[in-house]
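# Close look at the chain arrangement
Residue strings, one per chain:
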Amino acid sequence: MARGRIRAKIRRSHLYTFACGKPRTSEEERPHDFKGPGFSRIVHCNQPHMHTKKPLKYCSNYISTTKYNIITFLPKAIFEQFRRVANLYFLLAAVLSLTPISPFSAVSMIAPLAFVVGLSMAKEALEDWRRFIQDMKVNLRKANVHKTDGVFNQKPWMQLRVGDVVKVEKDKFFPADLLLLSSSYEDGICYVETMNLDGETNLKVKRALETTVTLDDDESFKDFSGIIKCEDPNPSLYTFVGNFEYERQIYPLDPSQILLRDSKLRNTAYIYGVVIFTGFDSKVMQNSTKCPSKRSRIEKQMDKIIYILFTLLVFISCISSVGFIVKTKYNLPDWWYLQVPDKDGLYDPGKPFVSGFYHLITALILYGYLIPISLYVSIEVVKVLQAVFMNHDIHMYDHETGTPAQARTSNLNEELGQVDTILSDKTGTLTCNQMDFLKCSIAGTQYGLRASDVELAAAKQMAMEMDNQSQNGTPRSWRKSEFTESEIELETVITSKDGDVRKPAIKGFGFEDNRLMNGNWFKEPKADDMLLFFRILSICHTAIPELNEETGIFTYEAESPDEGSFLVAAREFGFEFCRRTQSSIFVRERYPSYEEPVEREYKLLNLLDFTSKRKRMSVIVRDESGQIFLLCKGADSIIFDRLSRNGRMYEEATTKHLNEYGEAGLRTLALAYKKLDEDKYSAWNEEFVKAKTSIGGDRDAMLERVSDMMEKDLILVGATAVEDKLQNGVPQCIDKLAQAGLKIWVLTGDKMETAINIGFACSLLRQGMKQICITTMNTDAIVQDPKQAVKENILNQITNATQMIKLEKDPHAAFALIIDGKTLAYTLEDDMKHQFLSLAIGCASVICCRVSPKQKALVTRLVKEGTGKITLAIGDGANDVGMIQEADIGVGISGCEGMQAVMASDFAIAQFRFLERLLVVHGHWCYKRIAQMICYFFYKNIAFGLTIFYFEAFAGFSGQSVYVDWYMLLFNVVLTSLPVISLGVFEQDVDSEVCLEFPSLYQQGPKNLFFDWYRIFGWMGNGLYTSVIVFFLNIIIFYDQAFRVGGQIADMTAVGTAMFTGIIWAVNCQIALTMSHFTWIQHFLIWGSIAFWYLFLLVYGELSYALDVNAFRILTEVLAPAPIYWTTTLLVTIACNLPYLAHISFQRSFNPLDHHVIQEIKYYKKDIEDRHMWRAEKKKARHKAKIGFTARVDAKIRHLKGKLQKKYSIASNHSIPQT
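None of the values given here were measured: they were computed from a predicted structure.

Here we take up unusual backbone geometry. Looking along the chain, the bond that leaves Tyr591 and enters Pro592 is cis, with omega of 10°. With respect to the element layout, Pro592 can be found in the loop between strand S21 (584-589) and strand S22 (598-608). Backbone geometry at Glu247 places phi at a positive 50°, although glycine is not the residue there. The exposed category is assigned to Glu247, whose relative accessible area is 58%.

Structure follows, in structure tokens:
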């Protein structure tokens, strides 16, 4: 960068990135005229003490993203826990356990609740502590702040105040929103990276007001003061309106002088700035929004099951209460030994209904074990551990970037196994977002021989077709005449691609054509046009050069990968952009001699920046001869509309080339220029200055109108074609996802031709697939209501297409829907969106082109709400954030477009191909694990809870529990919780390789085979059966049996302990039968839980507390010596699990699921011994997809079979003997 003391007058602009030297005008210095609400902020520069009192007291620079603080943690965290209806129930039961109504001791009710709630709160505290630590790392960063007398001291960020002057050095983040005063560059510019704000990796240029650029050292701030009057805090990153009063002058401020918090200073030694917005007033914090709360469908269904169990709980409590009322009224007076009524009035034959009410409350507490208290916390633990395994999956680790997969939330793990539709971005998601300059058209001539990936795929397909035809016995003469031209094209493509199998040695440059390399273009007939083409590439941009000192080669920080590839191409053609100042661009040109480069300066007069609305950018420059040029590049449709009559010489040839490039899946831009007279430019520039300095809401419109005046009558030079390569493994991944039964929609901002060809490259589209293109017609001027006419036309297209799909009789027919953003705007309206969705659902693939970020989110919402099925959105850029947050599951790709998508996502991966493993393996596992885990939880609690009800009825509805309180406390928390957690973490119906080989297994999730109501009620029925067996077998055996050596019969504690032993054995053996995959961990936890029960009885029986409940040495002296105890345990365990064993045996034998067949094949090693059977099973189990490479092959096979059948039919007809 130039360091000379050249102080060019600065053009200020709201719309344009750069503006350069010009004569000073009084109009330009006019301040903004704003009044009223929204523009009340006043900042006293270098006088932060002025902002300690209202009304000028503003918020501090301390930021916090935590949910809690020391004061609010307990009340807020407790509120969060007791929003769950189950926890609220257990809280009420714990409170009532302190009263005489409770059938249990207080400790047995309070301890489990305290453990479960405490564990959940500890998890919340840990997560919030991590957020607090992260916040404090930011708050305690150091900033150089002006103290007094030109002295700068370091201060933590959180102590910064509005009005402070700060010095920020290279590669440091800005601590607050600052007004740029000066920089290490003489002209007051600096370079800023805003990736943390908008996800863009390119550098932005900011510039100081010319009046403050002299404040370029510490001493100069000794007596500095000024006043800033500006807009109030707001979330708009790209706008700023304010005035700066300095040295009795008022200067207007715009976004080009504002440095936003969390952006980084790059390529600049230091800057000075004054703090305008601090803390939560800063624009980045104004933009911070809470991620939408997402809950999985299984979790919502689980709430319904809990309501069912609550209904059952209330029902049996009412039965118990009615039974108690009857007993109290009619039987209790005869039982004189009970001394009724009691002193608490709980058993009063004179007031049976009051006693019945008390008993209802007792029963509600007594049967509370129907509700699994540890369910929520167990699921949280399981999901966190599942997320850990995902994060450490080496097969989802990107070695190139060192990026692992990241489960940013563990709440949605099981949703990964139930996805129905994937909505994907294209650029950077399916493609690499790394552009290679591949081809170009200059002055109507094509250059560039290297084939694109799409061309190579097409060539291979052609080769396959030709080979197939030769095998079909087609006469040689026919084949030759039919494929001569194709063979020539095929040979060209394969030679150009495979002649050099190495990747391009130069990143961003895959061009191969000696006609343009090493100065050979001098010999071309239209060298003057080529010179202009190369100069447009090297001058028309906003990039910043960086010299690699090791290689001596310039690299470029560009606004987009396309622009970077243009500059690399220009460098390789001999036009090396080497430096820029605010007013000039310097290009090292190998012209007129290729061996002796000459550095030329182009004065940058104006830069009209690229926007999605303009779809073009232009620079106005003055060359060393004084000639003024406008150089323009943009979308071909935009440029062609602005060509002059004399500038259309190459339009026809260039249009043809652009179409070919689009068919090859390349991204294209057209390049044009025009020469400007000094007088015409000056007149236009005056209009331009007036538009820029105008005050009012129509300023942008005025600027657009003035820009349009200049960007007309252009002369076409040529066009560029860059390849946005497919990411590694994308076609294979899409093929596997299609075989898994997933629907894939592509939402992209690219034009239709490019998107279609990328669709062919990744097998979303294939030859023979019927394409339905919904487009907007051009309305005639005579139509009274053009919008209504367009809507009717679109609706007619949708209706006809839907009818065509319905009438299609070929079961193998596949349809692809292709629609652009303009048409989508109409179809997303309420009166048409459902017809559009119905059509889209009937198509095998859907591609939406030219869509805006908002449209991506609206399409996602339409699919999610319209189908009622689970959607997954995947993208890598800031423009994908809305789509990612709107979908049921959002997946971000950590790519070249920053981390904005990742920060908004639920799961993050480095490449699209990892989505295959994330869904087909981890999603499948997590869905089955969580579903089985929840079903088992309800099974074991019903089995346990109903035995309490049976005994209470057996004991005259007395409210008496058969179990010791400590047994009940340990049941959910210790004795049965760890095996079920191991089920949720380690269970695998098949291993990961089989999941990938049999992707159709994934459909078990979307079909919800393992958590439908049939299976849920089946498990509940199993729990009911288990409770009946456990209770009645124990009661029948122990009722009047003298089971001890001394002839004693069993008391309530002995029966209860025997019954509890049967429960522990039954439910733990049940989970062992449920599991398909065992490790030593599962064995340890299942059998260890049973062993712990006996260990507990051993220890508990020796404690003095056991005397209070008649359980002293209950195992060693009462139960263990009695053979009947062990026999009963064995009998109960077998009887409880026998029906389930019979069920799974019958199912595996006569109605096996897909994974049952695979398990059996793997067990008998048939996959190794009989590969033919293994392949046959793979083919049979494959989901019949209509997209993907496999579908393409299947279509080809059907085509060949049809041809063969037709051939044999003709041959057989010819062989019939003539009569």
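Nonpolar side chains in soluble globular proteins tend to end up buried together. Tyr963 and Trp1093 are the most contacted members of the largest nonpolar core, which has 113 residues in total. Among the elements that make up this core, the one with the highest residue count is helix H25 (residues 914-954) (17 residues). Non-local contacts of Trp1093, meaning those with residues more than four positions away in its chain, are made with Tyr967, Leu975, Thr1057, Phe1060, Thr1061, Ile1064 and Tyr1125. Counting residues in each nonpolar core, the second largest holds 74 residues, with Ala443, Tyr602, Leu703 and Val717 among its members.

The subject of this paragraph is the pairing of strand S26 (residues 715-726). Counting buried positions along S26 yields 10 of 12 residues, so the element is predominantly enclosed. In the sheet, strand S25 (residues 666-676) pairs with S26 via 8 bridges, with the strands oriented antiparallel. When the sheet's bridge partners are listed, Leu669 is paired in S26 with Thr720.

Here we take up the pattern of salt bridges. Side chains that differ in sign of charge can pair as their charged atoms come close. A complete count under the given rule lists 39 salt bridges for this structure. The residue Arg297 makes a salt bridge to Asp888 at a minimum N-O spacing of 3.7 Å. Of this pair, Arg297 sits in helix H6 (residues 297-331) while Asp888 sits in the loop between helix H23 (881-886) and strand S32 (889-893), and the two are 591 residues apart along the sequence. The closest approach of N and O atoms between Lys383 and Glu414, which form a salt bridge, is 3.0 Å. You can see Lys383 sitting in helix H8 (residues 375-391) and its partner Glu414 sitting in the loop between strand S14 (406-407) and strand S15 (419-424), a full 31 residues away along the chain. Taken individually, Lys383 and Glu414 each receive the classification buried, so the pair is uniform in this respect.

So, on to the sheet that holds strand S9 (residues 242-246). Reading across from one edge, S1-S8-S9-S10 is the order of the 4 strands in this open sheet, with antiparallel pairing throughout. The strands lining the two open edges of the sheet, one partner per strand, are strand S1 (41-45) and strand S10 (249-253). Across this sheet, the average inter-strand angle for adjacent strands is 20°, counted without regard to direction. As paired strands, S9 and S10 are joined by 5 bridges and run antiparallel to one another.

A few words on the sheet that holds S32. If you walk across this open sheet you meet the 9 strands as S14-S33-S32-S31-S15-S27-S30-S29-S28, and the pairing is mixed. In the strand order of this sheet, the two ends are held by S14 and strand S28 (770-774), each with one partner. Direction of pairing for strand S31 (residues 870-875) relative to S32: parallel, over a ladder of 4 bridges. The residue of S32 that forms the bridge with Ala873 is Gly890. Along the sheet, helix H19 (residues 786-807) contacts S28 and strand S29 (815-820); its crossing angle with S28, the most-contacted strand, is approximately 160°.

It is worth spelling out the environment of Phe944 at this point. Looking at the element boundaries, Phe944 is found in helix H25. Judged by its relative accessible area of 0%, Phe944 falls in the buried class. For the pair Phe944 and Val1067, spaced 123 residues apart in the sequence, the C-alpha separation amounts to 9.3 Å. Beyond its immediate sequence surroundings of up to four residues, Phe944 is in contact with Tyr369, Tyr963, Met968, Phe971, Phe1060 and Ile1063.

This part is about the packing of H8 against helix H27 (residues 977-986). Orientation of H8 relative to H27, taken along the N-to-C sense of each, is 30°, at an axis distance of 9 Å. As H8 packs across H27, the resulting crossing turns out to be right-handed. For the pair formed by H8 and H27, the contact residues are Ser378, Val381, Val382, Leu385, Gln386 and Phe389 on the first element and Ile981, Gly984, Val985 and Phe986 on the second. Residues that form the contact of H8 with H27 fall into these classes: 7 nonpolar, 3 polar and no charged.

By the definition in use, this model includes 59 aromatic pairs. Considering the side-chain rings of Phe240 and Phe277, the 6.4 Å spacing of their centres and the 75° angle between planes classify their relative orientation as edge-to-face. Remark: Phe277 occurs in strand S13 (residues 270-277) and Phe240 occurs in the loop between strand S8 (226-230) and S9; sequence separation between them is 37 residues. One exposure class covers both Phe240 and Phe277, and it is buried. Members of the aromatic cluster, connected to one another through ring pairs, are Phe437, Phe509, Phe511, Trp521, Phe522, Phe533, Phe534, Phe566, Phe573, Phe575 and Tyr591. Lys167 extends its terminal NZ or CZ atom over the ring of Tyr270, reaching a point 5.0 Å from the ring centre. One residue, Arg579, lies across the ring of Phe586, its end atom 3.8 Å from the ring centre.

The next point concerns the side chain of Ser644. Its place among the elements puts Ser644 in the loop between helix H13 (636-641) and helix H14 (651-663). Of the polar contacts made by the side chain of Ser644, one reaches the backbone nitrogen of Gly647; its length is 3.0 Å. Filtering out sequence-adjacent residues up to four positions away, Ser644 remains in contact with Asp713, Leu714 and Ile715.

Contact geometry of helix H21 (residues 833-841) with helix H22 (residues 853-867) gives a least axis separation of 11 Å together with a crossing angle of 80°. Relative to H22, H21 is oriented roughly perpendicular. In this structure, H21 contributes Lys833, Phe836, Leu837 and Ile841 to the contact, and H22 contributes Leu862, Val863, Gly866 and Thr867. In terms of residue class, the contact of H21 with H22 is built from 5 nonpolar, 2 polar and 1 charged.

This chain's UniProt record puts "active site" (unreviewed entry) on Asp425. Along the chain, the position of Asp425 falls in the loop between S15 and strand S16 (431-442). When its relative accessible area of 4% is taken as the criterion, Asp425 is described as buried. Sequence-distant contacts of Asp425, that is, excluding residues within four places in its chain, are made with Leu430, Leu747, Lys856, Ile874, Gly875, Asp876, Asp880 and Met883. Polar side-chain contacts of Asp425 include one of 3.1 Å to the side chain of Lys856.

Confidence along the protein averages 81 in pLDDT terms, with 84% of residues attaining 70 or more. Note on residues 1-29: pLDDT is under 50 here. Beyond four places in sequence and across chains, it has 96 contacts. Within the model, the stretch residues 474-504 combines pLDDT values under 50 with 36 contacts to residues more than four positions away or in other chains.

A word on the state of the cysteines. Evaluation of the coordinates by the stated rule reveals 0 disulfides. Left unpaired, Cys1136 is separated from the closest cysteine sulfur, that of Cys1069, by 9.7 Å. What makes Cys1136 buried here is its relative accessible area of 0%.

The next point concerns a nonpolar patch on the surface. Taken together, Val107, Trp966, Phe1092, Leu1095, Leu1098, Val1099, Leu1103 and Tyr1105 make up a surface patch of nonpolar side chains, about 660 Å² in accessible area. If you tally residues by element for the nonpolar patch, the top one is helix H31 (residues 1080-1100), at 4 residues. Position of Phe1092 among the secondary structure elements: in helix H31.

The subject of this paragraph is H14. Look at H14: 18 Å from first C-alpha to last across 13 residues, which is about the 18 Å you get at 1.5 Å a residue. Every buried residue of H14 is accounted for by Thr654, His657, Leu658, Tyr661 and Gly662. Viewed end-on, H14 has its buried residues packed into an arc of 140°, placing them on one side of the element. Pointing more than 90 degrees away from the buried face of H14 are the exposed residues Glu652, Lys656 and Glu663. Directly beyond the C-terminal end of H14, a positive phi value near 75° is found at Gly665.

Reading the values: rules and limits
- Throughout, residues of each chain are indexed from 1 in the direction in which the sequence is written.
- Predicted model: local features are reported for residues with pLDDT of at least 70 only, side-chain atom pairs are reported and counted for 80 or more only, and whole-chain, interface and lining totals are derived from all residues.
- Here the side-chain values reflect all heavy atoms present in the structure, with hydrogen atoms and water set aside.
- Counting from the N terminus, the helices are the DSSP runs of H or I reaching at least four residues and the strands are the DSSP runs of E reaching at least two.
- Exposure classes here rest on a 1.4 Å probe applied to the protein chains alone. A residue is buried below 20% of its type maximum, exposed above 50%, and partly exposed in between.
- Take the buried Ala, Val, Leu, Ile, Met, Phe, Trp, Tyr and Cys residues and link them wherever side-chain atoms come within 4.5 Å; each set so joined is a nonpolar core.
- Contacts between residues were defined by any pair of non-hydrogen atoms, one from each residue, lying within 4.5 Å.
- DSSP calls a pair of strands paired once it identifies at least 2 bridges connecting them.
- Counted as salt bridges are all cases of a side-chain nitrogen of Lys or Arg within 4 Å of a carboxyl oxygen of Asp or Glu.
- All axes here are fitted lines through C-alpha atoms, helices being fitted over the stretch that makes contact, and every angle between N-to-C directions spans 0 to 180 degrees.
- Working rule for handedness: look at the near helix, and if it is turned counterclockwise from the far one by less than a right angle, call the crossing left-handed; if clockwise, right-handed.
- In this count, Pro and Cys sit with the nonpolar residues alongside Ala, Val, Leu, Ile, Met, Phe, Trp and Tyr, while Asp, Glu, Lys and Arg are called charged and the others, Gly among them, polar.
- Paired rings are identified among Phe, Tyr and Trp, the last through its six-membered ring, by centres lying within 6.5 Å, and are further divided according to the angle between planes into stacked (under 30 degrees), edge-to-face (over 60) and tilted (the rest).
- Any Lys NZ or Arg CZ found within 6 Å of a ring centre and within 35 degrees of that ring's normal is scored as a charge over the ring.
- As used in this structure description, the phrase polar contact means that two N or O atoms lie within 3.5 Å; if the pair is within protein, one of them must be able to donate a hydrogen and the other to accept it, and residues adjacent in sequence are counted only when both atoms belong to side chains.
- Our angle categories are set so that under 35 degrees counts as roughly parallel, over 145 as roughly antiparallel, 65 to 115 as roughly perpendicular, and the remainder as oblique.
- UniProt positions are given in the numbering used here, feature names are shortened, and annotations may be inferred rather than shown by experiment.
- Residue-level confidence of the predictor is what pLDDT reports, using numbers from 0 through 100.
- Note that a disulfide, as used here, is simply two cysteine sulfur atoms within 2.5 Å.
- Candidate patch residues must exceed 30% relative accessible area and have no salt bridge, after which like charges are joined if within 9 Å and Val, Leu, Ile, Met, Phe, Trp or Tyr side chains if within 5 Å.
- In this description, accessible areas are obtained by the Shrake-Rupley approach with a 1.4 Å probe, and a residue is regarded as covered only by the protein chains that are shown.
- Every helix has an expected span of 1.5 Å times one less than the residues it contains.
- Here the arc refers to the directions that run from the helix axis out to each C-beta atom.

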